[in-house]
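Chain by chain, the residues run as shown.
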Amino acid sequence: MRVLIVEDDPLLGAGLRTGLGQDGFAADWLTSAEAALHALRLEHFDLLVLDLGLPGRDGLSLLRELRQAGSTLPVLILTARDAVAEKVAGLNAGADDYLVKPCDLDELSARLRALARRAWGRPAPLCRAGDLALDATARVVTLGGKPLALSPREYDLLEILIAHPDRVVLRTHLEASTQGWQGEVESNSLEVHIHHLRRKLGKKRVLTVRGFGYQLVSEPAS
Ligand code: CA
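Residues numbered from 1 in each chain as written. Predicted model: local features only at pLDDT ≥ 70, side-chain atom pairs only at ≥ 80, totals over all residues. Heavy atoms only, no water.

S.K.: What should I look at first to understand the pairing of strand β5 (residues 97-100) in this one?
M.R.: What you see with β5 is a clean split: Asp97 and Leu99 sit on the buried side and Tyr98 and Val100 on the side with no burial. Note: strand β4 (residues 75-79) against β5, four bridges, orientation parallel. By the bridge assignment for β5, Leu76 is matched with Asp97. This β-α-β element, β4 to helix α4 (residues 84-92) to β5, shows right-handed connectivity. (Buried < 20%, exposed > 50% of the residue type's maximum accessible area, 1.4 Å probe, protein only. Helix = DSSP H or I, 4+ residues; strand = E, 2+ residues; numbered from the N terminus. Pairing = 2+ DSSP bridges. Right-handed = clockwise from strand over helix to strand, strands pointing away.)

S.K.: It is not clear to me how the coordination of the calcium ion should be interpreted in this structure. Could you clarify?
M.R.: The reference angle at a metal is 109.5 degrees if four donors form a tetrahedron and 90 or 180 degrees if six donors form an octahedron. Only Asp8 (OD), Asp51 (OD) and Gly53 (O) from the protein coordinate the calcium ion, and they sit 2.2 to 2.3 Å from it. Each donor residue of the calcium ion lies on the same chain, and together they follow the pattern D-x42-D-x1-G. You can see Asp8 sitting in the loop between β1 (2-6) and α1 (10-22) and its partner Asp51 sitting in strand β3 (residues 47-51), a full 43 residues away along the chain. With relative accessibility at 31%, the residue Asp8 sits in the partly exposed group. (Donors = N, O, S within 2.8 Å, 3.2 Å for Na, K, Ca; no water.)

S.K.: For this particular structure, what's the right way to read the sheet that holds strand β8 (residues 140-143)?
M.R.: Picture the strands of a sheet paired through backbone hydrogen bonds; they go either parallel or antiparallel. Reading across from one edge, β6-β7-β8-β9 is the order of the four strands in this open sheet, with antiparallel pairing throughout. Unpaired on one side and paired on the other, β6 (126-129) and β9 (146-148) mark the two borders of the sheet. Within the sheet, the average angular offset between the axes of one strand and its neighbour, ignoring direction, is 25°. With three bridges connecting them, β8 and β9 associate as antiparallel partners. Paired with Thr142 across the bridge in β9 is Pro147. Along the sheet face, helix α6 (residues 152-163) touches β6, β7 (132-135) and β8 and points at about 110° away from the line of β7. (Axes fitted to C-alpha atoms, helices over the stretch in contact; angles between N-to-C directions. Contact = heavy atoms within 4.5 Å.)

S.K.: Could you clarify how one ought to interpret unusual backbone geometry in this entry?
M.R.: Outside of glycine, negative phi angles account for most residues, and trans bonds account for most peptide bonds. Cis geometry marks the peptide bond from Lys101 to Pro102, where omega comes out at -5°. Note that Pro102 resides in the loop between β5 and α5 (105-119). Despite not being glycine, Arg139 shows a phi value in the positive range, around 55°. Within the element layout of this structure, Arg139 appears in the loop between β7 and β8.

S.K.: How do you make sense of a nonpolar patch on the surface when you look at a structure like this?
M.R.: Together, Val168, Leu170 and Phe212 line one region of the surface with nonpolar side chains, adding up to about 280 Å² of accessible area. With respect to the helices, strands and loops of the structure, Phe212 is situated in the loop between β11 (206-209) and β12 (213-216). Phe212 sits in the exposed class, given a relative accessible area of 52%. (Patch = residues over 30% accessible without salt bridge, like charges linked within 9 Å, V, L, I, M, F, W, Y side chains within 5 Å. Areas by Shrake-Rupley, 256 points an atom, 1.4 Å probe, with all protein chains shown as cover. Salt bridge = Lys/Arg side-chain N within 4 Å of Asp/Glu carboxyl O.)

S.K.: Got a minute to help me understand the domain arrangement of the chain in this structure?
M.R.: The assigned domain composition of the chain is domain 1 (2-119) and domain 2 (126-216). A C-alpha centroid distance of 26 Å is found between domain 1 and domain 2. With both sides pooled, the region where domain 1 packs onto domain 2 buries about 1,100 Å², and carbon together with sulfur makes up 50% of that total. At the junction of domain 1 and domain 2, the tally comes to one salt bridge. The salt bridge partner of Glu159 is Arg113, with a shortest N-O separation of 3.8 Å. The tally of links from domain 1 across to domain 2 stands at two residue pairs in polar contact (both at pLDDT 80 or more). Those elements giving two or more residues to the side of domain 1 that touches domain 2 turn out to be β1, β2 (26-30) and α5. Ranked by residues supplied to the side of domain 1 that touches domain 2, first place goes to β2 with three residues. When the residues that make up the side of domain 1 that touches domain 2 are grouped by side-chain class, the tally is five nonpolar, two polar and eight charged. (Domains from an automatic or database assignment. Buried area = accessible area lost by both parts, 1.4 Å probe. Polar contact = N/O pair within 3.5 Å; in protein donor to acceptor, adjacent residues only side chain to side chain. Nonpolar A, V, L, I, M, F, W, Y, C, P; charged D, E, K, R; others polar.)

Dropping the structure here:
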C-alpha cells in the first residue's frame, strides 16, 4: 500500500517514513502542501497522512482542495495534543481519521490499513478467495488452512489482489501501491514477484491479463 506522508518536521517525517516502510507500506514523504498536491496529481497513492500545521499552505487547505476536486483518497490527519478545534475542522474538511502527535506507530499502521480496507470495500480484516485467506491484522496468509510463507512484497501484492477477487487489477495500480520513490526501479520487478507468488499459490490462481494487469481467481480450474 502506498502512503504519502506530508509533515514539515524533519525528525517526525523521516521517522514516519522509515517506520511505515518497515511495516510494509511503500511510504513517501514530502514537507509542503504544494509539493503534495503536485505529487497527488501525478501519481497514485492509497493513503495520505497529513500534518495540519505546515509552512505556507496548511494541511486543511490541501484537504479542502482534494475533496473539492472529488478525491476519495483516505486521509488521516495528525493534530497537536488538546487541539479539539483542529480535529473537528479536519474531520469537517473531509479527513477520515485523526491521530494526536506524537503518535504510536503500531496504531497509525493499524488505522491506515483499516482505512485502506474500507476504501476497497472490504472492511473486515479477513479476506477470502476460495480456500485462500489473508488476515491483515496478523499479516498471515493461509491456503487450504495451511500457513503460506510470503516475502513482504509478495504479501503486499496479494493484499491488493485478494481485495478485488476475480477482477482485473491494473498493473499500474499494483506497481504504484507497492513501490515508493525509494523502492526498486527495475521495470520487470512486478513480473518477478508475481512469478514467485504464482509458484506458491498455484499457476492458475493468478492470471495475467495482457496489456492490463493481473487477476486473482477464487476457484481456479484444477
Ligand atoms: Ca507541522
